[in-house]
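Each chain is listed here by its residues.
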Amino acid sequence: MEKEPALETRCSTDLQDKWIEIQDSLKKKMKIEDDFNWKIPTTEVQNLEEKTENSDSCGAILKYVGGVDLSFSKADPSIACATLVVLDLNTLQVVYEDFSIVKLHTPYIPGFLAFREAPVLLELLEKMKKGSLPFYSQILMVDGNGILHPRGMGLACHLGVLANIPTVGIGKNLHHVDGLNQSRVRQLLAGEGNSSKDVFTLIGDSGSTLGAAMRSTQDASKPIFISVGHRVSLTSAIKIVKLSCRFRVPEPIRLILDPKLAFESMA
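Remember, predicted model here, so these are calculated numbers, not experimental data. All residue numbers refer to position in the chain's written sequence, counted from 1. Note on the predicted model: pLDDT of at least 70 is required for a residue's local features to be given, and 80 or more for side-chain atom pairs to be given and counted; whole-chain, interface and lining totals, by contrast, use all residues. To obtain the side-chain values, all non-hydrogen atoms of the structure were included, while hydrogens and water were left out.

A few words on the overall build of the chain. The helix and strand tally for the chain stands at 9 helices and 10 strands. Only protein chains enter the calculation, and the probe is 1.4 Å; a residue is then buried if its accessible area is under 20% of its type maximum, exposed if over 50%, and partly exposed in between. Burial analysis of the chain (267 residues in total) assigns 48% to the buried set. Carbon together with sulfur atoms contributes 51% to the accessible area of the chain, which is approximately 14100 Å² in total. A run of DSSP states H or I qualifies as a helix once it reaches four residues; a run of E qualifies as a strand once it reaches two. Both are numbered from the N-terminal end. Here the Shrake-Rupley method, with its probe set to 1.4 Å, supplies the accessible areas, and only the displayed protein chains count as covering residues.

If you want it as structure tokens, here you go:
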């Protein structure tokens, strides 16, 4: 029996109000500055890796960078493939990969995507952690946004707080947030003296710094959009993304398992 439209609207409103309350609670726990005990590699630091790896004063070198994404079946949009990969930052080779195909029952409401996608991704992270594997991700790139989000709480923030892991949002497109949009960014990229720049800070109409647009490679025609998720600053996030790029999209996101293969394997 189908629900009456008025009942559906009321249920949707009640759910949204509940999610707003949860988002606000998680936002209080969110950190947008560096909160980790490893060092971001540079040429000089990498040469000293063996000396610093076990040094309490210097901290270990960042080595394992993860990436997560959720893709949906074209035949049934309620069927999703959640994927986790972990790369060795030195070689940009995949050292771990896992996926899960699930049926989602949580509705999609714009601005609240994390409530639909985060639980499945959290399960993959928890499964890896329980395996006590040596290459558990030290920082996680999320195919989605962090604070570059209408409510300042995108999937990267939500997942980072719940998993208590540093996270970075990697957006392939820019949606309208605080006055920022694709047209405005194109004007910024084409501005006088900007043709040689590769990183542009994104500041909204409110004056808040929400992320950065980055030309990943010299021949990249489109930027990617980097935003803080949790426990990492924008400056550090940009450095790590730069280290992980061979093409436009950073490798921890680009090398995520093709969902077609995952869906075919379950057929």
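This brings us to the sheet that holds strand β7 (residues 167–171). Read across the open sheet, the 8 strands follow the order β5-β4-β3-β6-β7-β10-β9-β8; overall the sheet is mixed. Each edge of the open sheet carries a strand with a single partner, namely β5 (93–103) and β8 (199–203). Neighbour to neighbour, the strand axes of the sheet diverge by 25° on average, direction disregarded. The contact criterion used throughout is that any non-hydrogen atoms of two residues lie within 4.5 Å. Only C-alpha atoms enter the line fits that serve as axes; for helices the fit covers just the stretch in contact. Angles between N-to-C directions range over 0 to 180 degrees. Contacting β3 (64–72), β6 (139–143), β7 and β10 (224–230), helix α5 (residues 155–163) runs over the sheet at an angle of about 30° to β10. Sheet contacts for helix α7 (residues 234–243): β6, β7, β8, β9 (209–214) and β10; angle to β9, the most-contacted strand, approximately 20°. Here a strand pair is declared whenever DSSP counts at least two bridges between the two strands.

Before going further, it helps to spend a moment on the packing of aromatic side chains. Classification of ring pairs rests on two measures: the distance between centres of Phe, Tyr or Trp rings, Trp counted by its six-membered ring, which must be within 6.5 Å, and the angle between planes, read as stacked under 30 degrees, edge-to-face over 60 and tilted in between. For the structure on display, the rule yields 6 aromatic pairs. Look at Tyr64 and Phe135: their rings are 6.0 Å apart centre to centre, the planes differ by 70°, and that puts the pair in the edge-to-face class. Taken together, the residues span a long stretch of sequence, with Tyr64 in strand β3 and Phe135 in the loop between α4 (114–130) and β6 at a distance of 71 residues. Comparing Tyr64 with Phe135 shows no difference in burial state: the two are buried. Seen from their ring centres, Phe112 and Phe115 are 6.3 Å apart, and the 45° between their planes marks the pair as tilted. According to the relative accessible area criterion, Phe112 is buried, its value standing at 4%.

Within the secondary structure, Ser233 is located in the loop between β10 and α7. Spatially, the C-alpha atoms of Ser233 and Thr167 are 9.8 Å apart, while their sequence positions differ by 66 residues. For Ser233, the contacting residues outside a window of four places in its chain are Ile32, Glu33, Asp34 and Val228. Any pair of nitrogen or oxygen atoms within 3.5 Å is treated as a polar contact; in protein, a donor-acceptor pairing is required on top of that, and neighbouring residues in sequence qualify only through side-chain atoms on both sides. Of the polar contacts made by the side chain of Ser233, one reaches the backbone nitrogen of Ser236; its length is 3.2 Å.

For the α-helix, the turn length of 3.6 residues means that residues three or four positions removed from each other point alike. Among the residues of α7, those classed as buried are Leu234, Ser236, Ala237, Ile238, Ile240 and Val241. Buried residues belonging to α7 abut β1 (38–39), β6, β7, β8, β9 and β10.

Before going further, it helps to spend a moment on the pairing of β7. β7 sits mainly inside the fold: 5 of its 5 residues count as buried. The two faces of β7 match: Thr167, Gly169 and Gly171 on one face and Val168 and Ile170 on the other face are all buried. Note: β6 against β7, 4 bridges, orientation parallel. Across the sheet, the residue bridging to Val142 is Gly169, located in β7. When the strands point away from the viewer and the path from the first strand over the helix to the second turns clockwise, the crossover is right-handed. In this region the chain leaves β6, passes through α5 and returns to the parallel neighbour β7; the handedness of that crossover is right-handed. Across 5 bridges, the pairing between β7 and β10 is antiparallel. Residue pairing in the sheet places Thr167 in a bridge with His230 of β10.

Attention now goes to the pairing of β6. Counting buried residues along β6, 5 of its 5 residues qualify, which places the element largely inside the surrounding structure. Here β6 shows two buried faces, one formed by Ile139, Met141 and Asp143 and the other by Leu140 and Val142. Sheet topology places β3 next to β6; 4 bridges connect them, and they run parallel. If you follow Gly67 over to β6, its bridge partner there is Met141.

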